[in-house]
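Secondary and tertiary structure notes
What follows is the residue order along each chain.
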Amino acid sequence: MQYQKLHHLQEIITQKELDVAYLSDPMTIKYLTGFGSDPVERVLALLVFPDHDPFLFGPALEVEAIKGTGWPFPVYGYLDHEAPFEMIAAEVKKRVANPKMWGAELGFLTVTRLRALKERFTNAHFNFDLTPTIEQMRLIKSADEIDKLNEAGKWADFAFKVGFEAVHVGQSEQAVAAELEYALKKHGIMQMSFETLIQAGPHAAEPHGATSDRMIQDNQLVLFDLGTIYDGYISDASRTIAVGNLNERQKDIYKVCLEAQLTAQAAAKPGMTAAELDRVARDVIEKAGYGEYFIHRLGHGMGMSEHEFPSIMEGNNMLLEPGMCFSIEPGIYIPGFAGVRIEDCVHITKDGCLPFTHTTKELQSFN
Ligand code: MN
Ligand code: MN
């Protein structure tokens, strides 16, 4: 059912005895309505009520696009010179004369906008934060969300293929990133989910570094971390490849990181905790003597963004459940020497997990 998530939210706000929910995070609106837009300057809001149909409110120039998604409920547009909160208030009051209990995404509601609502609803309380509710809903992905994540993953695999072929000694990291993004755009994939990361040699030991104008050199490990957006859903995957001949230490950190990744991916299943899964990968790296060089959590939840739940880390006792999606991305970063990270995002199934990306993880060598 197309607006099942929206109906679910309606049930939740009824249970919580809210009179109205005001949603303004564009990602939440996309999640609940299928309509995606990112107006920062203009007002875009979804209003949900326990006993009335929801409505969308946005810039007049977005109204046709909203209708084009098949949105069956009211949508109201405002022109640049009009007062959006005056219009929102009038529509709300037609449905609920005196709404007291409001839910909103408090981290997203600016002080200016909150004030605009409070001025028009002087008896209202805006204390109920809907962000945890939405996060909880987004934690378990539906079949159609998994389809989109698989499609986004397919384009990440394509990007790796193009990127690996573009790797040559004397080529810059930036040039390789440009090649693969150009190929994606020609195929209609217009957006990456984050800035493509390509790091050669010792540069890869900075896991939060950026793609630079450094040249790829012979006998280096080169780390790729990239992702695409497909219909609002992301991919996120990392591979590390070899250029020329590697020495024993380079080969060893690759082998250990790969074993950690494969072991964790094979172990992930419903009923274990996020912390236990982190531990599976960390044990492999610690036993090989590289524990001090694995300096981040094993993974993060993902879906519409790469900042979702569950967080796969020490201390998180959340049980893994079918439909949860997250990365499994152990890394070994030895300052001044090299860095390796191998990452697939997966979704938990009835008895294990399945990855969204399928590029081989065996060490590949390019010249
Ligand atoms: Mn990544
Ligand atoms: Mn990641």
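Above this text sits the structure in question.
A brief structural summary. (Residues numbered from 1 in each chain as written. Chains lettered and ligands numbered in written order. Predicted model: local features only at pLDDT ≥ 70, side-chain atom pairs only at ≥ 80, totals over all residues. Heavy atoms only, no water.)

**Topic: the overall build of the chain**
Keep this limit in mind: In DSSP terms, a helix is any run of H or I states spanning at least four residues, a strand is any run of E spanning at least two, and both are numbered starting from the N terminus. We call a residue buried when its accessible area falls under 20% of the maximum for its residue type, exposed when it is over 50%, and partly exposed in between, using a 1.4 Å probe and counting protein chains only. When checking whether two residues touch, look at their non-hydrogen atoms; a contact exists if any pair is within 4.5 Å.
Helices and strands together make up the secondary structure of the chain, namely 10 helices and 19 strands. Expressed along its principal axes, the backbone C-alpha trace of the chain runs to roughly 75 × 40 × 35 Å. Taken over 367 residues, the chain has a buried fraction of 55%. Expressed as a percentage of contacts within the chain between residues at least 6 apart in sequence, the contacts between residues at least 24 apart total 67%.

**Let's talk about the coordination of the manganese ion (ligand 1)**
Rules: For Na, K and Ca the donor cut-off is 3.2 Å, while for other metals it is 2.8 Å, and in both cases only N, O and S atoms qualify; water is not among them, so sites may look incomplete.
With distances of 2.1 to 2.5 Å, the protein atoms coordinating the manganese ion (ligand 1) are Asp225 (OD), Asp225 (OD), Asp236 (OD) and Glu343 (OE). Taken as a pair, the manganese ion (ligand 1) and the manganese ion (ligand 2) show a spacing of 3.1 Å, with Asp236 coordinating each metal. Remark: Asp236 occurs in the loop between strand 10 (233–234) and strand 11 (237–243) and Asp225 occurs in strand 8 (residues 220–226); sequence separation between them is 11 residues. As far as the burial class goes, Asp225 and Asp236 line up, both buried.

**Quick look at the sheet that holds strand 4 (residues 75–78)**
Condition: Strands are labelled as partners when DSSP assigns at least two bridges between them. Only the contacting stretch of a helix is used when fitting its axis, a line to C-alpha atoms as for every element, and angles between N-to-C directions run 0 to 180 degrees.
In space, the 6 strands of this open sheet follow the order 4-3-2-1-5-6, with mixed pairing throughout. At either end of the open sheet lies a strand with only one pairing partner, and these are strand 4 and strand 6 (125–129). For this sheet, the mean inter-axis angle between neighbouring strands, taken without regard to orientation, is 25 degrees. Pairing between strand 2 (residues 45–48) and strand 3 (residues 55–59): 3 bridges, direction antiparallel. The residue bridging Ala45 from the neighbouring strand is Phe57, located in strand 3. Across the sheet, helix 6 (residues 131–139) lies against strand 1 (20–23), strand 5 (101–104) and strand 6, angled at about 30 degrees from strand 6, the strand it touches most.

**A word on the coordination of the manganese ion (ligand 2)**
Between any two of four tetrahedral donors, the ideal angle at the metal is 109.5 degrees; between two of six octahedral donors, it is 90 or 180 degrees. Coordination sphere of the manganese ion (ligand 2), protein contribution only: Asp236 (OD), His300 (NE2), Glu329 (OE) and Glu343 (OE), at 2.1 to 2.3 Å. Linear spacing of the donor residues for the manganese ion (ligand 2) on their chain is D-x63-H-x28-E-x13-E.

**Overview of the packing of helix 2 (residues 26–33) against helix 6**
To be explicit about the condition: Working rule for angles: under 35 degrees goes down as roughly parallel, over 145 as roughly antiparallel, 65 to 115 as roughly perpendicular, anything else as oblique. What makes a crossing left-handed is the near helix being turned counterclockwise from the far one by less than a right angle; a clockwise turn instead makes it right-handed. When residues are grouped by polarity, Ala, Val, Leu, Ile, Met, Phe, Trp, Tyr, Cys and Pro land in nonpolar, Asp, Glu, Lys and Arg in charged, and all others, Gly among them, in polar.
With their axes 12 Å apart at the nearest point, helix 2 and helix 6 run at an angle of 50 degrees to one another. Overall, the two elements helix 2 and helix 6 adopt an arrangement that is oblique. Note that helix 2 runs across helix 6; the crossing there is left-handed. Residues Met27, Thr28, Tyr31 and Leu32 of helix 2 lie in contact with helix 6, whose contacting residues are Ile134, Met137 and Arg138. Broken down by class, the residue content of the contact of helix 2 with helix 6 amounts to 5 nonpolar, 1 polar and 1 charged.

**Brief notes about the pattern of salt bridges**
Where we set the bar: Salt bridges, as used here, are contacts in which a Lys or Arg side-chain nitrogen is within 4 Å of a carboxyl oxygen on Asp or Glu.
According to the stated counting rule, one finds 20 salt bridges in the structure shown. Glu86 is the salt-bridge partner of Arg120, the closest N and O atoms lying 2.8 Å from each other. Residue Arg120 is found in helix 5 (residues 111–120), and its partner Glu86 is found in helix 4 (residues 84–95); the two are separated by 34 residues along the sequence. Residues Glu248 and Lys251 are paired through a salt bridge, measuring 3.8 Å at the closest nitrogen-oxygen approach. Placement of both Glu248 and Lys251 in helix 9 (residues 248–267) is noted, with a separation of 3 residues, approximately one turn of the helix.

**A word on the nonpolar core**
Heads up, the rule is: Here, nonpolar core means buried Ala, Val, Leu, Ile, Met, Phe, Trp, Tyr and Cys residues that are tied together by side-chain atoms lying within 4.5 Å of each other.
Counting residues in hydrophobic clusters, the biggest one holds 35 residues, and the most contacted among them are Ile253, Leu277, Leu298, Leu320, Phe326 and Ile332. Those elements giving two or more residues to this core turn out to be helix 9, helix 10 (274–287), strand 14 (325–328), strand 15 (331–334), strand 16 (338–341) and strand 17 (344–348). Ranked by residues supplied to this core, first place goes to helix 9 with 7 residues. With residues near it in sequence (within four places) discarded, Leu298 still touches Ala264, Leu277, Asp278, Ala281, Arg282, Ile312, Ser327, Ile328, Glu329 and Pro330. Judged by nonpolar contacts, the second largest core, of 33 residues, contains Ala21, Ile29, Met304 and Phe356.

**Observations concerning the state of the cysteines**
Filter applied, for reference: Disulfides are defined in this document as cysteine sulfur pairs within 2.5 Å.
One pass over the structure, following the stated rule, counts 0 disulfides. Unpaired in terms of disulfides, Cys257 finds its nearest cysteine sulfur in Cys345, a separation of 14 Å. Just so you know, Cys353 is unpaired, no disulfide at all, and the nearest cysteine sulfur is the one on Cys325, 10 Å from it. According to the relative accessible area criterion, Cys353 is buried, its value standing at 15%.

**Looking at the pairing of strand 1**
Of the two faces of strand 1, the one carrying Val20 and Tyr22 and the one carrying Ala21 and Leu23 are both buried. Sheet topology places strand 1 next to strand 5; 3 bridges connect them, and they run parallel. Directly across from Tyr22, in strand 5, lies its bridge partner Ala104. With 3 bridges joining them, strand 1 and strand 2 adopt antiparallel strand pairing. From the neighbouring strand, Ala21 faces strand 2, where its bridge partner is Val48.

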